Structures are given as C-alpha cells and as structure tokens.
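Residues per chain, in single letters:
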Amino acid sequence: MELNYFKEMGVRNGTSRLFLGGVHGREGLNTIKALKMAENITVNGGSLLLANFPPSPYLSTLDPLYYLSLAGSKLLDMVMKNQPEIYLELHCYHPENYTKLTRKDRKEIFGVPGLVELENEVLIGSVSPLIRSAFFDLNDFPFTLEIPCKSSEEALKTSLEVMKIAAGSDNRQEIMENLSRVYPQEVETLEGHFEDFSRNFHLAFEQIKQKSLKTPLKDYQDLEKLINDVLGEGDYDLNLVQIKQLEGAFLIFREYNSFISCKLNTN
C-alpha cells in the first residue's frame, strides 16, 4: 500500500481542513487505513486535504526538535500552505502505551493533559502546544486522534465517525456540539482542558508574543527573562514542563514569524 498519500476534497472557498497521518515513526503503516476510509465522506463547505507520511525516525511532537526534522518540517509546510481551521493529527499507539497517554497526571509529567477515550480505544485530545499556540488561533480546532496500531473494525469505524463530524462542521463550536451528542461526558472533559489551556498556556504565550515586539532578544537568557517576567506579572497555573514548552513554542513562532504575521494580517 502506498503510504505517501495525498487527496484533496471539497472546494477552495470556506473552511480549510487538514487530516494528517503518519506524523512520526512507522505510524503511517496504520493511519493510512483510517484515512482511506474517509475518502468519500461529505465535506460541508470548504476543503479537506487527506495526507499520510511514510515511515520516519520517531521524535515526539512534544519535542521542539521534531519540527526541525524532515517529517516535522513537512508537517509545518502543509500547515502553513493550507492554514487549516480544522486540523487532525492521526496517530496510532501500542497497547502498553495506553496508560501513558491517558494518565491523569500526564500534564505534570509531559505538560499536556491525558487524552480522553471516546470508545473502542480511540483517544482524542489537542495537538502539541508547541504548534497549537504558534500556528492556530484560539478557536481553531487542531486535535489529535490516537487509534490502536492494530485497530479493530470498531476502532476504525469510531475514527471515521469523528472525521465525518469534523468534515461536516464549519468550526470548533459545531464540532464540539456534534461530538457532545454522541460523547457528552468526554466532551465535557475536553472543554475543561480547553478552558485550562485558554486561561493559562495560551494567554501566557500571547503575552510573551506581545512583549517580544518591544523587547530586544539577543540570546536565550533574554528570552528566559522575558518569560519569567510575563509569568511573574500574571496569575498563571503552569508547571515547569509547560514553562519549558512556552520557550519551545516561542522559538518555533519566531522561526516562522513571517508566516504568522501574514496569517494575522489576513484575518
């Protein structure tokens, strides 16, 4: 099966959507199955791009170095080119990693909340905060689906239903409303995670961006001081791992600042 997969659907005008699998490692061997099942879903206005990457060295998307890798650079190139308001990263996981992905203390250890199981071992959550902050507006819908690497028919069907909802909705609010009809408790948990992100990580990142426009940053020490100043002035609930992620997110933002400025000017 060809793993380097690419299919465009819908029309250019309207909501832009990108569903991407095979982000790292050998996950593309499995995510291609779910993406191909979505080839004929209905796109409710706007566009949908389905894409899958071939195998690549594994680097976590929580590691800033991932976005300097060939796969990470390709991912960012697709995000910059398509500017999706609705963005899906389709991953797969092995059974022994289920607890690691869903554990309640995941934010304290990895800087991000545990993923939420919808059903049939299909997990949902936000994409890495490193690109969530730098490439998407707060009310965009960049999310992750984790399916078992050896997915059952039921798991593939669940992932397809979620993709149908995302393709048939125009924005974040519609997606959450449609998901909540099927998974009310799970969506309530996800809304709590979003509220926490918007009040803390996102707000701190926006303040860092604004202050950086008025503060010369000659080296890493200047950035570290800027971040500490912002955190000292605000009432943020962020742990040490998240503070380190703020640094990574800002460095990625600076690296692609010309694109970010262009997007802000067109909104």
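All of these numbers come straight from a predicted model, not from anything done at the bench. (Residues numbered from 1 in each chain as written. Predicted model: local features only at pLDDT ≥ 70, side-chain atom pairs only at ≥ 80, totals over all residues. Heavy atoms only, no water.)

Peer 1: Would you mind going over the overall build of the protein in detail, with residue names and values included?
Peer 2: Within the protein, the secondary structure is distributed over 12 helices and 7 strands. On C-alpha atoms alone, the protein measures out to a radius of gyration of 18 Å, which is about the 18 Å that the 2.2 N^0.38 rule sets for 267 residues. Counting only C-alpha atoms and orienting by the principal axes, one finds that the protein spans roughly 50 × 40 × 35 Å. A total of 267 residues make up the protein; the buried ones form 51% of that total. For the protein, the share of sequence-separated contacts (at least 6 apart) that also reach a separation of at least 24 residues comes to 74%. Surface accessibility of the protein: about 13200 Å² in total, with carbon and sulfur atoms responsible for 50%. Side chains of the protein give 28 positive and 38 negative charges; the mean places of these two sets differ by 4 Å. (Helix = DSSP H or I, 4+ residues; strand = E, 2+ residues; numbered from the N terminus. Rg over C-alpha atoms; globule rule 2.2 N^0.38 Å. Buried < 20%, exposed > 50% of the residue type's maximum accessible area, 1.4 Å probe, protein only. Contact = heavy atoms within 4.5 Å. Areas by Shrake-Rupley, 256 points an atom, 1.4 Å probe, with all protein chains shown as cover. Lys, Arg positive; Asp, Glu negative; His and termini not counted. Charge placed at Lys NZ, Arg CZ, Asp CG, Glu CD.)

Peer 1: Requested: an account of the state of the cysteines, with residues and values cited.
Peer 2: As enumerated under the stated definition, the model contains 1 disulfide in all. Paired by a disulfide, cysteine 92 and cysteine 149 hold their sulfur atoms 2.2 Å apart. Across the S-S bond linking cysteine 92 and cysteine 149, the dihedral sits near 80 degrees, which makes this disulfide right-handed. Residue cysteine 92 is found in strand β4 (residues 86–93), and its partner cysteine 149 is found in the loop between β7 (141–148) and α6 (153–167); the two are separated by 57 residues along the sequence. Here cysteine 92 and cysteine 149 have matching classes, each one buried. (Disulfide = S-S within 2.5 Å.)

Peer 1: Could you give me a rundown of unusual backbone geometry, with the residues and numbers involved?
Peer 2: A negative phi angle characterises most non-glycine residues, just as the trans form characterises most peptide bonds. Backbone geometry at glutamine 83 places phi at a positive 45 degrees, although glycine is not the residue there. In this structure, glutamate 121 is a non-glycine residue whose phi angle is positive, near 65 degrees.

Peer 1: Give me the environment of glutamate 233: which residues, what numbers.
Peer 2: Along the chain, glutamate 233 falls in helix α10 (residues 220–233). Taking the C-alpha atoms as reference points, glutamate 233 and alanine 204, separated by 29 residues in sequence, lie 10.0 Å from one another.

Peer 1: Please set out the sheet that holds strand β3 (residues 47–52) residue by residue, giving values where relevant.
Peer 2: Spatially, β1-β3-β2-β4-β7-β6-β5 is the arrangement adopted by the 7 strands of the open sheet, whose pairing is mixed. One side of each edge strand has no neighbouring strand; the edge strands of this open sheet are β1 (5–10) and β5 (116–119). For this sheet the average axis-to-axis angle between neighbouring strands, irrespective of direction, equals 20 degrees. Contacts from α6 reach β2 (16–21), β3, β4, β5, β6 (122–126) and β7, with the element oriented near 170 degrees to β7. Here helix α8 (residues 184–199) sits on the sheet and contacts β5 and β6; the angle it forms with β5, its principal contact strand, is near 155 degrees. (Pairing = 2+ DSSP bridges. Axes fitted to C-alpha atoms, helices over the stretch in contact; angles between N-to-C directions.)

Peer 1: An account of the side chain of threonine 15 is needed here, citing residue identities and associated values.
Peer 2: Here threonine 15 lies in the loop between β1 and β2. Engagement of the side chain of threonine 15 in a polar contact is seen with the backbone oxygen of aspartate 170, the distance being 3.1 Å. (Polar contact = N/O pair within 3.5 Å; in protein donor to acceptor, adjacent residues only side chain to side chain.)

Peer 1: For the pattern of salt bridges, give the residues involved together with the corresponding values.
Peer 2: The tally for this structure, following the rule as stated, stands at 13 salt bridges. Glutamate 8 is the partner of arginine 12 in a salt bridge, and the nearest nitrogen-oxygen pair spans 3.5 Å. Note on glutamate 8: relative accessible area 48%, which makes it partly exposed. Residues lysine 211 and glutamate 233 are paired through a salt bridge, measuring 3.5 Å at the closest nitrogen-oxygen approach. Here lysine 211 is found in helix α9 (residues 201–212), whereas its partner glutamate 233 is found in helix α10, with 22 residues between them in sequence. (Salt bridge = Lys/Arg side-chain N within 4 Å of Asp/Glu carboxyl O.)

Peer 1: Provide a residue-level description of the packing of aromatic side chains, including the pertinent values.
Peer 2: Going through the model one piece at a time under the given rule, you end up with 8 aromatic pairs. When the ring centre of phenylalanine 194 is taken as origin, the NZ or CZ atom of arginine 172, which lies over that ring, is 3.6 Å away. (Phe/Tyr/Trp six-rings, centres within 6.5 Å; stacked < 30°, edge-to-face > 60°. Lys NZ or Arg CZ within 6 Å of the ring centre and 35° of its normal.)

Peer 1: Can you lay out the pairing of β4 for me, pointing to particular residues and giving the numbers?
Peer 2: Taken across its 8 residues, β4 has 8 buried, putting it largely inside the fold. Where burial is concerned, the two faces of β4 agree: the one with Ile86, Leu88, Leu90 and Cys92 and the one with Tyr87, Glu89, His91 and Tyr93 are both buried. Here 5 bridges tie β2 to β4, and the two strands are oriented parallel to one another. The residue of β4 that forms the bridge with phenylalanine 19 is leucine 88. By the bridge criterion, 8 bridges tie β4 to β7 in an arrangement that is parallel. Counterpart to leucine 88 in the pairing with β7 is phenylalanine 143.

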